[in-house]
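Geometric and topological summary
Letter by letter, the chains look like this.
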Amino acid sequence: MKKTGSQILLECLRLEGVDTVFGYPGGTVINIYDDLMDSPIKHILNRHEQAAVHAADAYARVSGKVGVAIATSGPGATNTVTGIATAYMDSIPMVIISGQVPTPLIGNDAFQEADMIGITRPITKHNYLVRDVKDLARIVKQAFYIARTGRPGPVLIDLPKDVQMDSTTFEYPETVELRGYKPTVAANPRQLEKAAKMILAARKPVVYVGGGATLSDMSDELLKFVEAIQAPVTTTLMGMASFPKTHPLSMGMLGMHGTFYANMAVTNSDLLIALGARFDDRVTGKIATFAPHAKIIHVDVDPTSIKKNVRVDLPVVGMLEDVLPRLTEKVQRDQGELKDTVEATQPWRDQIVEWKEQHPMSYKQTKSTIKPQYVIEKLRELTEDDAIIATEVGQHQMWTAQFFDFSQPRTFVTSGGLGTMGFGLPAALGAQAAFPERQVIDISGDGSFQMNSQELATLVQYRLPVKIVILNNNFLGMVRQWQQLFFDKRYSQTCMELPIDFVKLAEAYGATGLRATKVEEVGDVIKKALETPGPVIMEFKVSREENVLPMVPAGAGLNEMVLAS
Amino acid sequence: MKHTISVLVENEFGVLPRVSGLFSGRGFNIDSLSVAPTLDESISRMTIVTTGDDRILEQITKQLNKLIDVIKVIDFTDQDFVEREMLMVKVTAEAETRAEVLRIADIFRANVVDVTPKSYSLEATGTPQKINALIELLRPLGLKEVVRSGPIVLGRGAKGWKNSE
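Let us look at the structure shown here. (Residues numbered from 1 in each chain as written. Chains lettered and ligands numbered in written order. Predicted model: local features only at pLDDT ≥ 70, side-chain atom pairs only at ≥ 80, totals over all residues. Heavy atoms only, no water.)

**Brief notes about the overall build of chain B**
Threshold: By definition, any uninterrupted DSSP run of H or I lasting at least four residues is a helix, any uninterrupted run of E lasting at least two residues is a strand, and each is numbered from the N terminus. Relative accessibility under 20% of the residue-type maximum defines a buried residue, over 50% an exposed one, and the middle range a partly exposed one, all with a 1.4 Å probe and only protein chains included. In this description, contact between two residues means that some pair of their heavy atoms is separated by no more than 4.5 Å.
Within chain B one finds four helices and nine strands. Listing the helices and strands of chain B from first to last along the sequence gives β-α-β-β-α-β-β-α-β-β-α-β-β. Classification of the 165 residues of chain B by burial places 43% in the buried group. Counting only contacts in chain B whose residues sit at least 6 apart along the sequence, the fraction spanning at least 24 positions is 74%.

Structural data, given as structure tokens:
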């Protein structure tokens, strides 16, 4: 039986196991939306295409499935760009469907036309312009395969309106044939052998874990590996929830706003074992003084990540699913040797405990004003272990990374690479859509929140009970902090002078608004919010000029931290 | 440093900007580029000559390999290869220089492909060095137009690209 392009698209999505899509209708996707009414796929109508992409992105981050978003051509499609770039930088598997003007009009500056293939080329893992309905099923199959395999990433399918209307016999291909795409899966055994040798010989090892561990669901294997070799662990922002922060070997995050002890450990280590991390500049600080005494083993599925920013002594190209179990097995082969290594690294672990005692993560608690860090600690105390925390970008994001003790994988949803303000609210929405029964919290600042606050409408409409924490300091806090420290306190355009009544804003959308202005109200507001059905905004009036510390100034080495204001 | 790279790609629309974007995005100029289908019509072969820092070039080569439409990348930098470029040149040929143009063409084994009372158009093939030398000899006679194909290269030895590394 023949099907139209739009029917084929929806049927392919269903066969790929897609149950929820996020999007916004428009002229060139009206056929898809018409057929959507007859499809079992649930559609969530966001209030902005950027938010639809962030929601689909977060849906993927928490569920491990491929997220799907739909937007119309022209402005609808260009609105997705920030969302796609966010997913690309954090390697999130997504398929974005953009409508396109009919093929005869492409290139004619038609109404609502934009060259999405050109625009998204540098921010997608791959993209397709579908020119013939006969190619559509194959392209969708390939798009999902490319999005989720190897180093995952977003794939865009630009689908002209006439192709959606054309018909053909539908057949979904069973296999994918891409001769130019063969993601490396199994690591070279000789490299693994060398890695095991280096690990057993190290006396000051540090395991440095990135988003790859989250994406590959390797938390359990990671724990086994780390406990076998008893090496201290530091994570990036993206790797954070994949290793429990409460574990004695955890040192929290490293880098610009990393812990004192993680940065000291990296600087003094003799072996850095990088697992699915890419040595981002926010992680390394000044390259010349990064881990100066360490040999570096870099395990990554993407060969382009290796030796991109730092010298690497032993590259291991492979999936963590393959590498971690094999590496653990290799280091455990000679139990006597492993025991010797663990004993010989005891002074190193003692040293780290000493650093932890010297400069633990802390902030000055006051009676008069609410400290943002306190809100985050209190939130951790009052939420479930499997609560999903989304954040926007800025000070509140770093405080969350520093003070929220994540213990379960895929519970921290944040824009790490691109650093997209306005990500958190739609991301929380997408996470809640994936797990309607779990607690989902968006931690935000007053600046970021206003970048996608229209999504309150979506939350209320779909009864997605996201709880929103706004740490309101009436500042664009992170930029203000830089201005304070490096620009002589000249607060150029960072003061959000118009105070917003966030409680009323919540109420305007039919959500609940709560506010705390005193320290003693914090716990009660959080408790009340968690008990209230439906979306809730919790506005906390926090101390205005609090800084995120420690801080490694841009261009400085990791050991040159500013520890106190 | 100068690098010559062959890139075997899917013969489809939209592949060229993916490849060239990796160079332009890093501020690398492509000195020359030539593309045409291979024995297998579904595969095109690009020959790219570029100049730049080795480390950045290694990164570009890896990124090229990562492109879905790229089937194989061969960096000829440290390899033994044969290189040929084609030149078409329109030279002023008035009465007093007509014989000289033909003499130079003869030395370089260039062919005359078009003649007018005032000009000769020549076609020559050779290494880029040979092409440069020919252009320099013709320059004093008056060059009207020079078109170069950019070099294409082939690895030495019996093996084809499918088995080469």
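Resuming the write-up.
**Some words on unusual backbone geometry**
Most of the time, phi is negative for any residue but glycine, and the peptide bond is trans. All names here are of chain A. Residue Leu549 is joined to Pro550 through a cis peptide bond whose omega torsion reads 0 degrees. For Asp109, which is not glycine, the phi torsion reads 55 degrees and is therefore positive. Mapping Asp109 onto the fold places it in the loop between β5 (94-100) and α6 (116-120). Taking the relative accessible area as the measure of exposure, Asp109 reaches 73% and is therefore exposed. With a phi close to 65 degrees, Lys307 is a non-glycine residue in the positive phi region. Within the secondary structure, Lys307 is located in the loop between β13 (295-300) and β14 (314-317).

**Quick look at empty space enclosed by the protein**
Residue and element names in this part refer to chain A. Selection criterion: With a 1 Å grid spanning the protein atoms alone, the term cavity applies to any set of points in which a 1.4 Å probe fits but cannot get out, the term pocket to an open set with protein on both sides within 12 Å along at least five of seven lines, and the term lining residue to any residue with an atom within 4 Å of a point. Grid points are joined across faces, edges and corners, and a volume is the space filled by probe spheres set on the points. In the scheme used here, Gly and all other residues not listed as nonpolar or charged are polar, with Ala, Val, Leu, Ile, Met, Phe, Trp, Tyr, Cys and Pro taken as nonpolar and Asp, Glu, Lys and Arg as charged.
For the structure on display, the rule yields four cavities of 30 Å³ or more. A volume near 160 Å³ is recorded for the largest cavity. Taken together, 14 residues make up the lining of the largest cavity; nearest its centre are Arg61, Thr214, Met238, Arg410 and Phe412. Where the lining of the largest cavity is concerned, the elements lending two or more residues are α10 (211-215) and β16 (412-413). The element contributing the most residues to the lining of the largest cavity is α10, with three residues. A per-class count over the lining of the largest cavity returns eight nonpolar, three polar and three charged. Its boundaries defined by the atoms lining it, the second largest cavity holds a volume of some 40 Å³. What lines the second largest cavity is Ile199, Ala202, Pro205, Ile229, Ala231, Thr341 and Thr345.

**Examining the packing of aromatic side chains**
Residue and element names in this part refer to chain A. Put simply, the test is: Pairing of aromatic rings covers Phe, Tyr and Trp, the last counted by its six-membered ring, and requires centre-to-centre distances within 6.5 Å; plane angles under 30 degrees mean stacked, over 60 mean edge-to-face, and any other angle means tilted. In our convention, an over-ring charge means Lys NZ or Arg CZ found within 6 Å of a ring centre and within 35 degrees of that ring's normal.
On inspection of all chains with the given rule, the structure shows 13 aromatic pairs over all chains. Ring geometry for Trp348 against Trp355: centres 5.9 Å apart, planes inclined by 90 degrees, an arrangement best described as edge-to-face. Exposure class is identical for Trp348 and Trp355. Each is buried. Here the aromatic residues Tyr208, Phe279 and Phe290 are joined through ring pairs into a cluster of three or more. Stacked on the ring of Phe435, the Lys or Arg Arg438 has its end atom at 4.5 Å from the ring centre. Over the ring of Phe475 we find Arg480; its NZ or CZ atom is 5.5 Å from the centre of that ring.

Shape descriptors only; they carry no functional weight alone.
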